[in-house]
Amino acid sequence: MISRILRLLKIIRIIGRYRLDELISRDLLGWPLSVLLKMNPWKLRAESEIDRGTRLRRGLEELGPVFIKFGQALSTRRDLLPKDIADELLKLVDQVPPFSERKAISIAEKALCGRISEIFMHFEETPIASASVAQVHSATLHNGKEVVVKIVRPGIEDIIRDDIDLLFSLAQFIVKYFKDGPRLRPVEIVSDYKNTITAELDLSREAANASQLRRNFQGRNLIYVPEVFWEYTSKNVYVMERIHGVPVNDIETLKSSNISLKVLAERGVETFFTQVFEDNFFHADMHPGNIFIDISIPDDPTYISVDCAIIGTLNEKEQYYLGRNLLAIFRRNYREVAELHLECGWVASNTNIGDFESTIRTLCEPIFERPIRDISLGQLLINLFRAARQYDMEVQPSLVLLQKTLLNIEGLGRQLYPELNLWDTALPFLENWIKDRYSPLSVLRRLKPKLPYWLEKFPELPDVLYSNLSENRNLKKELEVCHTEINDFRRKFQIERLARRLLSFVLLGIALSIVFLSIKFPSLFNHLYLSMFG
């Protein structure tokens, strides 16, 4: 508890020092929080001579890896951020201060059980990149292969754990005190993020993700994933093939190399949809520091992907509904979009489908009237989910990672080629995916993995059928007995109710008779009363 309070005080101090509250609209903060932040005592020592982009970057760096990851995601959204802030946030990708070379060597030697000179022919002590969770050194194996060595930042586990604990406290506060808190499911979202960032600390898991992604794209000229050297990889050290490429955000170099930026942007979109709908295994951390371009063939450029720590997957139901939702949006079939939301349980079951369809149409039609280059599919989906709030739509934690990835891909694509027509690339892909999903070969392909299980269970089928038939016969007899007992009880209850009514009428008649007689013969009743109670 004390550590959370101290961490919260640090966040408040950094917000005050860098005047970060000034970057957010008062309408979003609300007047009570806005006033409290204005009274922040650390504002007296605020950094006043640096621009807002630098203030935000420095603040995020001081806050640590959880917040740096947030800044990295924002850095790709140039269509949403002012240029000065977007330019400064790009520096979060590979300019986080490194930890000491001596500490890096010590971690590597301990993890790989040997002296650094015995493991590598050459090891460059100065890191070539330093990120929020780990830093990277170049090296050469004794067989002459060039590699890079990724080493987890020391003490980062404790920092992340404290931040996640604080986020859980904030999430529980939102659930308890905000009207939309339960619907937003912030505790589940923080839990999902905790699993994601905790997995990022395990470099052996990242290496396994890279191996899977590399295997998925073998034979496809879309993306290249460096080879993993498993004999030199452990939980906190990861050795992979060194790649040589141009950073995806180095537009000037790409242009001077005569790279077709249009082809590159369209392949980025195709790569995303391939990972989500064909492989169901997508790189979910595609910020500029993790994506490079192989420019050896200018007319046929290839993406190079590194840092596969954060991987997203969808279950079959989510994949199916997402694909059909996107296709319906592309076709402006708002009725189907509304029905799909209801069918998959994203909105309340009592939702008026006509009203919901009208809400979706009102949201989408003005957007579709813009030029294609100005339409963001990721932002459209987010706006659609926001509009569905009035129909009790719950935030889907499993889709949060995908939404973020789609926004990143769109941001990179538009940065490469501002005229990018997402419709031309995505619509044919989704149409072919739906068509292939229901083809006989595809159905057989999905059935094939389950066939051994069914064959194993097939000999038990007669026993199961006999058992179910026997249970049905027994259940029928029990129901007949229950039915007889219910009828007997109903008859008995009706007789008792009739008897109670008759008794009530008799008593009422006696009472009325007594009243009548007392009025008609008062002296007689006075004599009876005195004889009984006098």
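Everything quoted here is computed from the prediction, not taken from an experiment. (Residues numbered from 1 in each chain as written. Predicted model: local features only at pLDDT ≥ 70, side-chain atom pairs only at ≥ 80, totals over all residues. Heavy atoms only, no water.)

### Describing the overall build of the protein
In terms of regular secondary structure, the protein is built from 24 helices and eleven strands. Per-residue burial over the protein gives 44% buried out of 534 residues. In the protein, once contacts between residues fewer than 6 apart in sequence are set aside, the share between residues at least 24 apart is 68%. For the protein, the accessible area works out to roughly 30,100 Å², and carbon and sulfur atoms hold 58% of it. (Helix = DSSP H or I, 4+ residues; strand = E, 2+ residues; numbered from the N terminus. Buried < 20%, exposed > 50% of the residue type's maximum accessible area, 1.4 Å probe, protein only. Contact = heavy atoms within 4.5 Å. Areas by Shrake-Rupley, 256 points an atom, 1.4 Å probe, with all protein chains shown as cover.)

### Structural notes on the sheet that holds strand β9 (residues 291-294)
Judged by pairing direction, the sheet is mixed, and its four strands sit side by side in the order β5-β10-β9-β7 without closing on themselves. The open sheet has two edge strands, β5 (223-224) and β7 (246-247), and neither has a second partner. Relative to β9, β7 runs antiparallel, the two being bridged by two bridges. In the sheet register, Pro247 faces β9, and the bridge partner there is Phe292. (Pairing = 2+ DSSP bridges.)

### Some details on the pattern of salt bridges
Applying the stated criterion across every chain yields a total of 16 salt bridges. Put simply, Arg331 and Glu431 hold a salt bridge, and the shortest N to O gap is 3.6 Å. One end of the pair, Arg331, is in the loop between α15 (316-330) and α16 (334-343); the other, Glu431, is in helix α20 (residues 422-437), with 100 residues separating them in the sequence. Salt bridges linked by common partners bring Arg335, Glu339, Glu357 and Arg361 together as one network. (Salt bridge = Lys/Arg side-chain N within 4 Å of Asp/Glu carboxyl O.)

### Topic: the packing of α15 against α20
Between α15 and α20, the least distance of the axes is 10 Å, while the angle of their chain directions is 130 degrees. The angle between α15 and α20 falls in the class oblique. Classified by chirality, the crossing of α20 by α15 is left-handed. Counting all contacts with α15, which are made through Glu316, Gln319, Tyr320, Gly323, Arg324, Leu326, Leu327 and Phe330, the residues of α20 involved are Trp423, Ala426, Leu427, Leu430, Glu431, Trp433, Ile434 and Arg437. Residues of the contact of α15 with α20, tallied by class, amount to ten nonpolar, two polar and four charged. (Axes fitted to C-alpha atoms, helices over the stretch in contact; angles between N-to-C directions. Parallel < 35°, antiparallel > 145°, perpendicular 65-115°, else oblique. Left-handed = near helix turned anticlockwise from the far one by under 90°. Nonpolar A, V, L, I, M, F, W, Y, C, P; charged D, E, K, R; others polar.)

### Topic: a nonpolar patch on the surface
Residues Ile5, Leu6 and Leu9 make up a contiguous nonpolar surface patch of about 280 Å² in total accessible area. The topology assignment puts Ile5 in helix α1 (residues 2-17). A residue is classified by how much of its surface remains accessible, and Ile5, at 44% relative accessible area, is partly exposed. (Patch = residues over 30% accessible without salt bridge, like charges linked within 9 Å, V, L, I, M, F, W, Y side chains within 5 Å.)

### Remarks on the environment of Leu92
Mapped onto the elements of the fold, Leu92 is located in the loop between α6 (83-89) and α7 (101-112). Distance from Leu92 to Gly71, taken between C-alpha atoms, is 7.1 Å for residues 21 residues apart in sequence.

### Regarding the side chain of Thr302
Take Thr302: it is sitting in strand β10 (residues 302-305). Taking relative accessible area as the criterion, Thr302 reaches 12% and is therefore assigned buried. Polar contacts involving the side chain of Thr302 include one to the side chain of Asn221, which spans 3.1 Å. Here Thr302 is in contact with Asn221, Leu222, Ile223, Tyr224, Phe292, Ile293 and Asp294, once residues within four sequence places are set aside. (Polar contact = N/O pair within 3.5 Å; in protein donor to acceptor, adjacent residues only side chain to side chain.)

### A few points about helix α17 (residues 353-368)
The end-to-end C-alpha distance of α17 is 22 Å, a good match for the 22 Å that 16 residues give at a rise of 1.5 Å each. Turning to α17, its buried residues are Ile353, Phe356, Glu357, Thr359, Ile360, Cys364, Ile367 and Phe368. For α17, the N-terminal cap is Asn352; the gap from its side-chain oxygen to the backbone nitrogen of Gly354 is 3.0 Å. (Expected span 1.5 Å × (residues − 1).)

### What to know about the packing of aromatic side chains
To describe a pair of aromatic rings, you give the distance between the ring centres and the angle between the ring planes. Applying the stated criterion to the full structure yields seven aromatic pairs. On the basis of an interplanar angle of 10 degrees and a centroid distance of 5.9 Å, the ring pair of Phe273 and Phe277 is categorised as stacked. Here Phe277 and Phe273 lie together in helix α14 (residues 261-279), a separation of four residues that amounts to about one turn. Accessibility classification places Phe273 together with Phe277 in one group, the buried group. (Phe/Tyr/Trp six-rings, centres within 6.5 Å; stacked < 30°, edge-to-face > 60°.)

### Describing empty space enclosed by the protein
In this structure the tally under the stated criterion is four cavities of 30 Å³ or more. Estimated volume of the largest cavity: approximately 80 Å³. The greatest single-element share of the lining of the largest cavity, amounting to four residues, is contributed by α14. Partitioning the lining of the largest cavity into residue classes produces eight nonpolar, three polar and no charged. (1 Å grid on protein atoms, 1.4 Å probe; cavity = no way out; pocket = protein on both sides within 12 Å on 5 of 7 lines; lining within 4 Å. Points joined across faces, edges and corners; volume = space filled by probe spheres on them.)

### A short note on the pairing of strand β6 (residues 237-241)
Where burial is concerned, most of β6 is hidden: four out of the five residues are buried. Of the strand pairs in this sheet, strand β4 (residues 146-152) and β6 are connected by five bridges, and their pairing is antiparallel. Bridge pairing in β6 places Val149 opposite Val239.

### Here's the deal with the environment of Ala104
By the secondary structure assignment, Ala104 is in helix α7. Separated by 50 residues in the primary sequence, Ala104 and Pro154 have C-alpha atoms spaced 8.6 Å apart. Here Ala104 is in contact with Phe99, Gln135, His137 and Ile151, once residues within four sequence places are set aside.

### Some remarks on the nonpolar core
Core analysis: the biggest nonpolar cluster contains 109 residues, and Phe273, Phe277 and Leu416 have the highest contact counts within it. In this structure Phe273 touches Glu278, Leu326, Leu377, Ala426, Phe429 and Leu430, once residues within four positions along its chain are discounted. Counting residues in hydrophobic clusters, the runner-up holds 18 residues, among them Ala108, Ile119, Leu141 and Val239. (Core = buried A, V, L, I, M, F, W, Y, C linked by side-chain atoms within 4.5 Å.)

By themselves, these figures tell us nothing about what the structure is for.
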